[in-house]
Amino acid sequence: MKPTHHKGSDASTEQSSWLNRRSLNQRLLILLLSATVAVWTVSSISIYWTVKHEAQEIFDQALAETAHALLSLHVGQFQQHDEINSLPDITHGQHSQRIVFQIWRHDGQLLYRSTGISSEPIIPLAAPPDDEAQDRLEEHPDSDDAYARVNINREVYRSFVAWDQDRQFQVQIAERDDIRQQIFDETAAHLLNIALLFLPILALLIMTLVKISLRPLQQLTERIDTQAIDDLQPIQPQQTPHELRPMVDALNQLLYKINQSFERERRFTANAAHELRTPLAAIRLHTQVLQGARNSDEAAEAALDIQHGVDRSTRLIEQLLVLWQDLIHNIPWSSNNALIWHSISLKLLRNTSISLSNNTSPYSAIHPAPKCREIQTRLRSYCAICWIMPSVMAAKIRPSGSTVG
Amino acid sequence: MRVLLVEDDALLAKATRIGLEQAHFVVDHVSCRRQVASYDYVVMLLDLGLPDGDGLGLLQQLRQQKNPLPIIILTARDQVQDRIQGLQAGADDFVIKPYDLHEVVARIGAVTRRASGRADQHIQHGELSLNLDAKTVDYRRQQINLTSREFHVLRFLLDHRGQILTRQQIEDALYPYADEISSNSVEVHIHHLRKKLDKTLIRTVHAMGYTIDRLP
């Protein structure tokens, strides 16, 4: 069965590892800047659409108000004049192309049209609204029912129709849609430019704040960097932020363990050195005693003691090699207990005639049971001092082929 | 000179004891702290790893009791920290095993010389001169042949000039405590010294002991 390959999962892992390779400073900057840009983009789009909608409503409202203003200003004049274009043109100037309008009588007669608009109605003429529709229009003058989009002279216009109160005259007014859009685009672009200007300032602010926030970490790093390689003193947690305390505590625990480990090894080495040096010192002194012997008996005794010293050193070195092999191979047994065990063994080796063998795991003694019982008893007393379970130690030295009870 | 050796390793202690005896020291050996019964010695040779407690403890205890006994540490602990610790605890010297017998003898000489306030290994008393390294005696520009015991009796008396030393004190300085000593051995040595040097050098104080008077 072939292993399934998840592309999405791999991409995520790759991204995660890419991010993990970055420093904490870079990570924070990348994440914060990305999040800020993303939020900024989404909010800009949202604002754009909201403002666009609001602007549309404002433009529509302005169009409706213009229509009503036209009606209220000229209804009286319309009632007095029947001829077309007898009213002054109020759409001269810059707005002549932007806004066009027509004023129609209820029977379909065009009373007035602005410059640049034909006699054709902007939107098809319809019967005046009934009372209910009129009331609804008066209550909601901005209702979408009154608005439409029409084409005039190949341009898209936004149109609005308004009736006077007596439903005798109607105004059809239209505003160029592209100009409305242009006005909105210019306003939106202006707003976006201001926001874009703030984006690098915001990024700079984030970078500075991240740097300030990470300063305690930097200081901690510098403190650890400047600590001498053999200085295993704990790091002082003062002036360390609360969030870094667990890390400092963990570091201090690690330093403590390393220190303890060094201390144990140093003690073991010191003990081993002591046990080796003592018989060597004895051999050397007996040699000098032999050289300065005052009589033949003293010389003979010194020679015998030299021999004893050599035998003892040879045996001790062999036992130390066994202990070292065990130390190397059985270190998982618990480094702490193992080193204490080795230290105890060294002490015992000096005073007893036992031999250790690593043929079986981890040791088996090759001595008669009474001797082993004596050693076990001595080990138990040592172990009681060292807070090691006596049963563990009892298993270490036992008569060949016997079991520990 | 009486030396106390505190060493738990029997083979090493035996070699040190015999070696020092060959160098004319009187050596008392104990193998643990609780066997130390007296501190009336010219120097103590102290091993640190003792079966009934660290030798440093004994050292600190002595110094706390304001005991000025010169102490040389003989140990296999070779770390600088161990040496600093030993010297700071009050040791006068620190020798690492395996050591040379001649070096130990020289260090004992140096330590006792400092303790007695002498500048070198010579004791001068009028026309009498003792070389402590060569164990020779000159009197009126002539070398005098003395036995080891006679030399040490003379040195002991010169070290305590102006003080009356009892026969027991002289015996203690000459012989290990375990040794059988004949009742008149001190008188015999004094007699030989007077005969080889000068009858007036060593003065007998009736019913008390012997003394060498300070020179005016």
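For the structure itself, consult the block above.
Residues numbered from 1 in each chain as written. Chains lettered and ligands numbered in written order. Predicted model: local features only at pLDDT ≥ 70, side-chain atom pairs only at ≥ 80, totals over all residues. Heavy atoms only, no water.

**Q** I'd like to hear about the environment of Lys14 of chain B, residue by residue, with values.
**A** Relative to the elements of secondary structure, Lys14 of chain B occurs in helix H1 (residues 10-22). Sequence separation of Lys14 of chain B and His29 of chain B is 15 residues, and the distance between their C-alpha atoms is 8.5 Å. Look past the residues within four positions of Lys14 of chain B in its chain and what remains in contact with it is His286, Glu301 and Asp305 of chain A. (Helix = DSSP H or I, 4+ residues; strand = E, 2+ residues; numbered from the N terminus. Contact = heavy atoms within 4.5 Å.)

**Q** Got a sec to walk through the sheet that holds strand E2 (residues 110-113) of chain A? Specific residues and values, please.
**A** Residue and element names in this part refer to chain A. The strand order E2-E1-E5-E4-E3 describes an open sheet built from 5 strands, whose pairing is antiparallel. Both edges of this open sheet fall to E2 and strand E3 (147-152), since each of them pairs with a single strand only. Neighbouring strand axes in the sheet, compared pairwise and without regard to direction, differ in orientation by 25° on average. Examined bridge by bridge, strand E4 (residues 155-163) and strand E5 (residues 169-176) share 7 bridges and lie antiparallel to one another. What sits directly across from Tyr157, in E5, is Arg176. (Pairing = 2+ DSSP bridges. Axes fitted to C-alpha atoms, helices over the stretch in contact; angles between N-to-C directions.)

**Q** So what's going on with the pattern of salt bridges? Residues and values would help.
**A** With the rule as written, the count across this model stands at 29 salt bridges over all chains. The shortest N-O distance in the salt bridge between Asp60 of chain A and Arg180 of chain A comes to 2.6 Å. You can see Asp60 of chain A sitting in helix H2 (residues 24-80) and its partner Arg180 of chain A sitting in helix H4 (residues 177-213), a full 120 residues away along the chain. The same class applies to Asp60 of chain A and to Arg180 of chain A, which are both buried. Among the salt bridges present, the one from Arg140 of chain B reaches Glu127 of chain B, with a minimum N-O distance of 3.0 Å. Of the two residues, Arg140 of chain B sits in the loop between strand E10 (136-139) and strand E11 (142-144) while Glu127 of chain B sits in the loop between strand E8 (122-125) and strand E9 (128-131), which places them 13 residues apart along the sequence. Classification of Arg140 of chain B by relative accessible area gives partly exposed; the value is 47%. Here the salt bridges do not stand alone but share partners, grouping Asp60, Arg98, Arg158, Glu175 and Arg180 of chain A into one network. (Salt bridge = Lys/Arg side-chain N within 4 Å of Asp/Glu carboxyl O. Buried < 20%, exposed > 50% of the residue type's maximum accessible area, 1.4 Å probe, protein only.)

**Q** I'd love a proper account of the nonpolar core, names of residues and values included.
**A** All names here are of chain B. The biggest cluster of nonpolar side chains holds 27 residues, and the ones touching the most others in it are Leu128, Val137, Leu154, Leu157, Ile170 and Leu197. Taken together, the elements giving at least two residues each to this core come down to E9, E10, helix H5 (148-159), helix H6 (167-174) and helix H7 (185-196). When residues of this core are assigned to their parent elements, the largest contribution, 6 residues, is made by H5. In this structure, Ile170 is in contact with Val153, Phe156, Leu157, Leu165, Val186 and Tyr210, ignoring residues within four places of it in sequence. By size, the runner-up hydrophobic cluster in this structure holds 24 residues, among which are Leu11, Leu12, Val43 and Ile108. (Core = buried A, V, L, I, M, F, W, Y, C linked by side-chain atoms within 4.5 Å.)

**Q** Run through H1 of chain B, naming residues and quoting values.
**A** Residues and elements named next belong to chain B. A rise of 1.5 Å per residue sets the reference length of H1, with its 13 residues, at 18 Å; its end C-alpha atoms lie 18 Å apart and thus fit the reference within 8%. Across the 13 residues of H1, 10 count as buried, placing the element largely inside the fold. Taken together, the buried positions of H1 are Leu11, Leu12, Ala13, Ala15, Thr16, Ile18, Gly19, Leu20, Glu21 and Gln22. Directly after H1, the chain includes His24, whose backbone phi takes a positive value near 70°. (Expected span 1.5 Å × (residues − 1).)

**Q** Talk me through the pairing of strand E1 (residues 2-6) of chain B; I want residue IDs and the actual numbers.
**A** All names here are of chain B. Counting buried positions along E1 yields 5 of 5 residues, so the element is predominantly enclosed. As paired strands, E1 and strand E2 (residues 26-30) are joined by 5 bridges and run parallel to one another. Bridge pairing in E2 places Val3 opposite Val27. Considered for its hand, the β-α-β crossover made up of E1, H1 and E2 is right-handed. Relative to strand E3 (residues 43-46), E1 runs parallel, the two being bridged by 4 bridges. From the neighbouring strand, Val6 faces E3, where its bridge partner is Leu46. (Right-handed = clockwise from strand over helix to strand, strands pointing away.)

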